[in-house]
Amino acid sequence: MITIDILNEWGADTTEGLTRCIGNEELYLKLVNAVTKDPNFDKLKTLTSEGDLKGAFEASHALKGVLGNLSLTPIYKKVCEITELLRAETDIDYSGLVKEITEMRDQLLSYAE
Amino acid sequence: MNKLENIRNVKRRVLIVDDEIINREILGNILSADYDVSFAEDGIAAMEALEEEGSIYSLVLLDLLMPKMDGFEVIEKIRAHEVLKNIPVIVMTSEKDAEVKSIKLGAADFITKPYDYPEVILARCERIIELSENKNVIKYAATDTLTGLYTKDFFFEYIRQAELFNKEAARDAVVLNITRFHLVNELYGREEGDNVLRFITGIILDITEKNSGFACRSEADTFCLYLSHLDDYDDFLSFIKKRMRDIPHASSIRIRIGVYQNVDKDINPHTWFDRARTVCDILKNDYTKQIAFYNNNLYEQSIFNECLINDMQQAIDKKQFVVYYQPKYGIQNGRYELKSAEALIRWENPQYGLISPGLFIPLFEQNGLIQKLDSFVWEEAASQMEKWREKYAIDFPISVNVSRVDIFYPEFFNNLKNIIESHQIDPKNFMLEVTESAYVDNVEELVEIIEKLRDMGFRIEMDDFGSGYSSLNMITSLPFDVLKMDMKFIRNMQKDEKSMRLVEIVMDIVKFLGVPVIAEGVEEEEQVNILKKLGCDLIQGYYFSKPLPPDEFEKLIEKELEERKNI
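Within any chain, residue numbers begin from 1 and follow the written order of that chain's sequence. Chain letters and ligand numbers both follow the written order, the letters beginning at A and the numbers at 1. In keeping with the predicted nature of the model, local features appear solely for residues at pLDDT of at least 70, side-chain atom pairs appear and are counted solely at 80 or more, and the whole-chain, interface and lining totals rest on all residues. Note that the side-chain values use all heavy atoms of the structure and ignore hydrogens as well as water.

Peer 1: Which residues make up the overall build of chain A, and what values go with them?
Peer 2: Counting its secondary structure elements, chain A contains 7 helices and 0 strands. Helices and strands appear in chain A in the N-to-C order α-α-α-α-α-α-α. Exposure classes here rest on a 1.4 Å probe applied to the protein chains alone. A residue is buried below 20% of its type maximum, exposed above 50%, and partly exposed in between. Residues classed as buried in chain A amount to 50% of the 113 residues present. Long-range pairs, those at least 24 residues apart, make up 58% of the contacts in chain A between residues at least 6 apart in sequence. Method for areas: the Shrake-Rupley scheme with a 1.4 Å probe, in which residue coverage is limited to the protein chains shown. For chain A, the accessible area works out to roughly 5,500 Å², and carbon and sulfur atoms hold 51% of it. The helix and strand labels rest on DSSP assignments: H or I over at least four residues marks a helix, E over at least two residues marks a strand, and numbering proceeds from the N terminus. Contact criterion: two residues are considered in contact whenever any of their non-hydrogen atoms come within 4.5 Å of each other.

This is the structure we're talking about:
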């Protein structure tokens with residue numbers, strides 16, 4: 001089960017995240033659980049592999065907002081990075097970045113399970 | 001105290017629009033302690049919620065990047081909506097460009113992503129709701145519901161604000177009044193009257209836009225305009241005249257405009273508009289002009305007039321009005337024979353000294369006060385006649401002025417009758433001077449009244465003959481017993497042959513009519529000689545005497561009685 005301590009160890013800024021939830025730990029952990037199942041992760045993977053940079057940008061942008069609000073810092077930073085590249089429609093191979101993001105998400109998912 | 005603070009405990013409803021449920025939940029959790037919160041997952045759902053019950057929302061918190069309909073489109077739809085446009089929108093974004101764009105579209109504020117501390121979000125929401133509610137309250141209180149122009153109080157407050165930051169700019173105060181506006185309401189109904197006001201408001205708004213100003217409806221039919229200074233008002237007036245051609249019921253109304261140019265910034269803005277209004281009011285009875293400009297003389301004149309009007313009743317009570325008598329001499333019987341006198345009013349005002357009747361009589365004629373004053377003179381003159389009868393055993397004839405205002409006063413006949421009866425005066429010795437212009441204005445009605453006066457025994461002198469515009473044809477049908485030639489004829493008659501000929505023509509007309517003629521304003525011996533030759537019967541003027549108080553006039557009576565003894 002995911003806990004504040006696990007998230008802290010993982011690198012999340014839970015103090016900031018909890019502040020946004022007005023100290024409501026239950027809500028915060030519920031939302032962290034929810035984000036691990038966010039379909040935008042899969043969308044990002046699929047659309048970048050298909051070269052749909054615009055669609056991929058929308059998915060990464062949505063993730064960026066949510067991850068930032070939960071202060072899941074490591075994955076948030078990576079999503080910010082890919083979002084800016086996609087916003088500029090930078091023609092690069094996104095698979096490496098997407099893989100890193102997916103692994104981080106999977107790690108969180110494993111805590112959740 | 002801010003009234004909104006009193007109702008602060010009422011929970012406002014906010015709408016959170018975000019396609020991400022996590023964001024909605026975080027924000028909902030922050031706001032739900034202070035607000036009732038509704039959610040929409042995209043722009044379309046947001047517009048549906050707003051259109052269904054928009055008036056219940058105090059605030060919309062809006063994500064920008066959403067599927068189906070993005071936040072920018074939602075802002076545009078809200079701003080274009082007649083009711084929803086008053087709901088403030090706070091956008092939630094992480095990008096600077098989006099902040100700028102949304103503010104330009106009409107967003108009230110923005111919240112950054114990731115979200116700031118809850119306290120900051122709550123403070124921003126509270127501030128925006130308060131500002132918006134204040135703005136809406138002000139909007140309703142600040143504008144006249146019929147025209148949408150500022151109300152008077154807000155107009156002056158906006159002037160104060162404008163002057164705080166731009167005191168150096170030259171400004172003009174303009175007052176625009178719709179004369180006879182009540183006629184539109186009376187003749188065509190209130191709704192049409194409102195249409196006229198809205199039409200004129202359209203003209204005013206065009207003017208204020210052109211001249212960097214703003215305006216208010218200060219009274220039912222009066223507008224105040226605060227404008228950038230104009231040296232020349234010709235184009236301004238032409239513009240109004242042109243636009244007025246299309247106004248409904250244009251023939252029933254008239255626009256008059258008072259302008260105080262380059263206002264004095266050291267005096268109160270209310271005074272600027274008082275001055276503009278004063279000159280506007282001066283045009284009330286002048287149908288030849290539509291626009292008048294304030295200057296100090298004009299203003300002082302109006303203040304002076306106002307004082308005279310206010311002081312009039314008190315002046316009667318305190319005996320500040322004194323009746324003087326100017327003699328009329330017969331010149332055709334071998335000697336200058338004192339025949340009668342004209343009673344003339346003088347005002348010994350403690351503040352202004354002796355005030356010329358030329359200053360206050362036209363003024364009192366305008367507002368009807370002349371009736372009181374004339375009545376006072378009639379009573380004084382009749383009383384004086386009674387005193388002289390007792391003292392000299394003669395009925396000395398006196399003429400008094402009768403204004404056109406007096407004639408239509410319901411108690412006119414009774415008043416005159418009571419005065420002569422109470423002093424036991426034969427009405428034939430109490431002559432009534434009626435100006436030629438009075439005849440011209442109300443010819444049929446006036447002829448009837450004059451005939452009635454003659455039936456009562458009064459004799460009528462037509463005063464200022466030649467100054468009005470009565471036609472020769474009309475003169476023959478007007479009832480009067482004596483004709484007083486306007487003093488301008490006398491003053492001009494020695495100037496050239498034409499003027500002299502004119503006096504001769506007047507004398508011929510009088511001979512034809514078979515009535516005696518009095519020449520007024522005679523000052524020189526030569527004038528007397530000429531008039532005598534032309535057959536003029538009586539002369540009144542400084543050549544014989546200026547108007548005198550009763551005790552001095554008595555010396556003339558005594559001299560006359562002495563001369564009569566010696567004939």
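Still to come is the rest of the account.
Peer 1: Can you tell me about the pairing of strand S1 (residues 13–17) of chain B, naming the residues and giving the values?
Peer 2: Residues and elements named next belong to chain B. The element S1 is extensively covered by neighbouring structure, given that 4 of its 5 residues are classed as buried. Note that S1 and strand S3 (residues 57–63) share 5 bridges and pair parallel. Opposite arginine 13, over in S3, you have tyrosine 57 as the bridge partner. Two strands pair if DSSP finds at least two bridges between them. Pairing analysis gives 5 bridges linking S1 to strand S2 (residues 36–40), with the strands arranged parallel. Across the sheet, arginine 13 pairs through a bridge with aspartate 36, a residue of S2. Crossovers are marked right-handed if the path from the first strand over the helix to the second runs clockwise, as seen with the strands pointing away from the viewer. Crossover connection from S1 via helix H2 (residues 21–31) to parallel S2: handedness right-handed.

Peer 1: An account of helix H4 (residues 71–80) of chain B is requested, with residue identities and associated values reported.
Peer 2: Residue and element names in this part refer to chain B. Along H4, the positions that sit buried rather than exposed are Gly71, Phe72, Val74, Ile75 and Ile78. Taken down its axis, H4 places every buried residue within 160° of arc, on the same side. Those residues of H4 that are buried lie in contact with helix H3 (43–53), S3, strand S4 (89–93) and helix H5 (96–105). What qualifies as a polar contact is a pair of N or O atoms within 3.5 Å, subject to a donor-acceptor requirement within protein and to the restriction that residues adjacent in sequence count only when both atoms come from side chains. Where H4 begins, one side-chain oxygen reaches toward the backbone nitrogen of phenylalanine 72, 3.2 Å away; that side chain belongs to aspartate 70. Directions are taken from the helix axis to each C-beta atom, and the arc is the one they span.

Peer 1: Quick rundown of the interface of chain A and chain B? Include the residues and the values.
Peer 2: Listed by partner, the interface residues are 23 residues for chain A and 15 residues for chain B. Defined here as a combined quantity, buried area equals the accessible surface (1.4 Å probe) lost by two parts on assembly, summed across both. Carbon and sulfur atoms supply 61% of the area buried between chain A and chain B, which totals about 1,700 Å² over both sides. A pair is scored as a salt bridge if a Lys or Arg side-chain nitrogen falls within 4 Å of a carboxyl oxygen belonging to Asp or Glu. Connecting chain A to chain B are 1 salt bridge. The closest approach of N and O atoms between Glu25(B) and Lys30(A), which form a salt bridge, is 3.1 Å.

Peer 1: I'd love a proper account of the packing of helix H9 (residues 190–210) of chain B against helix H10 (residues 234–244) of chain B, names of residues and values included.
Peer 2: Residues and elements named next belong to chain B. Orientation is described by axes fitted as lines to C-alpha atoms, over the contacting stretch for helices, and by angles from 0 to 180 degrees between their N-to-C directions. Packing of H9 against H10 brings their axes to within 11 Å, and their N-to-C directions diverge by 150°. Here H9 is positioned roughly antiparallel relative to H10, judged by the angle of their axes. Here the hand of the crossing between H9 and H10 comes out right-handed. Of the residues in H10, those in contact with Phe199, Ile200, Gly202, Ile203, Asp206, Ile207 and Lys210 of H9 are Phe236, Phe239, Ile240, Arg243 and Met244. Throughout this entry, Asp, Glu, Lys and Arg are counted as charged residues, while Ala, Val, Leu, Ile, Met, Phe, Trp, Tyr, Cys and Pro are counted as nonpolar. The remaining residues, Gly among them, count as polar. The class makeup of the residues in the contact of H9 with H10 is 8 nonpolar, 1 polar and 3 charged. Working rule for angles: under 35 degrees goes down as roughly parallel, over 145 as roughly antiparallel, 65 to 115 as roughly perpendicular, anything else as oblique. Crossing handedness is defined as follows: a turn of the near helix away from the far one that is anticlockwise and smaller than a right angle gives a left-handed crossing, while the clockwise case is right-handed.

Peer 1: If you had to explain the pattern of salt bridges to someone new, which residues and values would you point to?
Peer 2: Residue and element names in this part refer to chain A. This model, assessed by the stated rule, comprises 41 salt bridges over all chains. The salt bridge involving aspartate 42 is made with arginine 105; its shortest N-O contact spans 3.9 Å. Note that aspartate 42 is positioned in helix H4 (residues 40–50) and arginine 105 in helix H7 (residues 95–112), a separation of 63 residues in sequence. We classify arginine 105 as buried; its relative accessible area is 10%.

Peer 1: Any details on the packing of aromatic side chains? Residues and values, ideally.
Peer 2: All names here are of chain B. Note on aromatic pairs: the rings of Phe, Tyr and Trp (six-membered ring only in Trp) are paired at centre separations within 6.5 Å, and the planes decide the class, stacked below 30 degrees, edge-to-face beyond 60, tilted for the rest. By the definition in use, this model includes 31 aromatic pairs over all chains. Their ring planes at 75° and their centres at 5.3 Å tell us that phenylalanine 155 and phenylalanine 273 sit as a pair that is edge-to-face. Of the two residues, phenylalanine 155 sits in helix H7 (residues 152–165) while phenylalanine 273 sits in helix H11 (residues 269–282), which places them 118 residues apart along the sequence. The interplanar angle of 80° and the centroid separation of 4.9 Å between the aromatic rings of tyrosine 336 and phenylalanine 544 together place this pair among those described as edge-to-face.

Peer 1: Any chance you could break down unusual backbone geometry for me, citing the residues and the numbers?
Peer 2: Put simply, Lys113(B) and Pro114(B) share a cis peptide bond, and its omega is -10°. Relative to the helices and strands, Pro114(B) resides in the loop between strand S5 (109–112) and helix H6 (118–142). Unlike most non-glycine residues, Ile22(A) shows phi in positive territory, near 50°. One non-glycine residue with positive phi stands out, namely Ala393(B), at about 60°. Since its relative accessible area comes to 67%, Ala393(B) is described here as exposed.

Peer 1: Go over the nonpolar core, please, and point to the residues and values.
Peer 2: Within the largest apolar cluster, 85 residues are counted, with the highest numbers of intra-cluster contacts made by Phe321(B), Phe364(B), Phe430(B), Leu453(B), Leu531(B) and Phe553(B). When residues in this core are grouped by element, the largest group, 10 residues, is from helix H14 (residues 370–392) of chain B. Each residue touching Leu531(B), except ones within four places of it in the same chain, is listed here: Ile331(B), Gln332(B), Met485(B), Ile490(B), Met493(B), Val503(B), Ala519(B), Val522(B), Cys536(B) and Ile539(B). Counting residues in hydrophobic clusters, the runner-up holds 56 residues, among them Ile2(A), Cys21(A), Leu27(A) and Val37(B). Here, nonpolar core means buried Ala, Val, Leu, Ile, Met, Phe, Trp, Tyr and Cys residues that are tied together by side-chain atoms lying within 4.5 Å of each other.

Peer 1: An account of the pairing of strand S8 (residues 222–228) of chain B is needed here, citing residue identities and associated values.
Peer 2: Residue and element names in this part refer to chain B. The buried fraction of S8 is high, at 6 of 7 residues. Pairing analysis gives 7 bridges linking strand S6 (residues 171–179) to S8, with the strands arranged antiparallel. Looking across to S8, one finds that aspartate 172 is bridged to leucine 227. Hairpin connection, strand S7 (residues 214–219) to S8: the antiparallel pair is bridged by 2 residues.

Peer 1: So what's going on with the sheet that holds strand S10 (residues 291–293) of chain B? Residues and values would help.
Peer 2: Residue and element names in this part refer to chain B. Across the sheet, which stays open at both edges, the 5 strands sit in the order S7-S8-S6-S9-S10 with mixed pairing between neighbours. Of all the strands in the sheet, just S7 and S10 have a single pairing partner and so form its edges. Going from strand to strand, the sheet's axes swing by 20° on average, the running direction of each strand aside. The pairing of S6 with strand S9 (residues 254–260) spans 7 bridges and is antiparallel. Counted as the bridge partner of valine 175 is glycine 258 from S9. Strand contacts of H10: S6, S8, S9 and S10, with the helix running at about 160° to S9, the strand carrying the most contacts. Against the sheet, H11 makes contact with S6, S7, S8, S9 and S10, and its axis sits at roughly 135° relative to S9, the strand it touches most.

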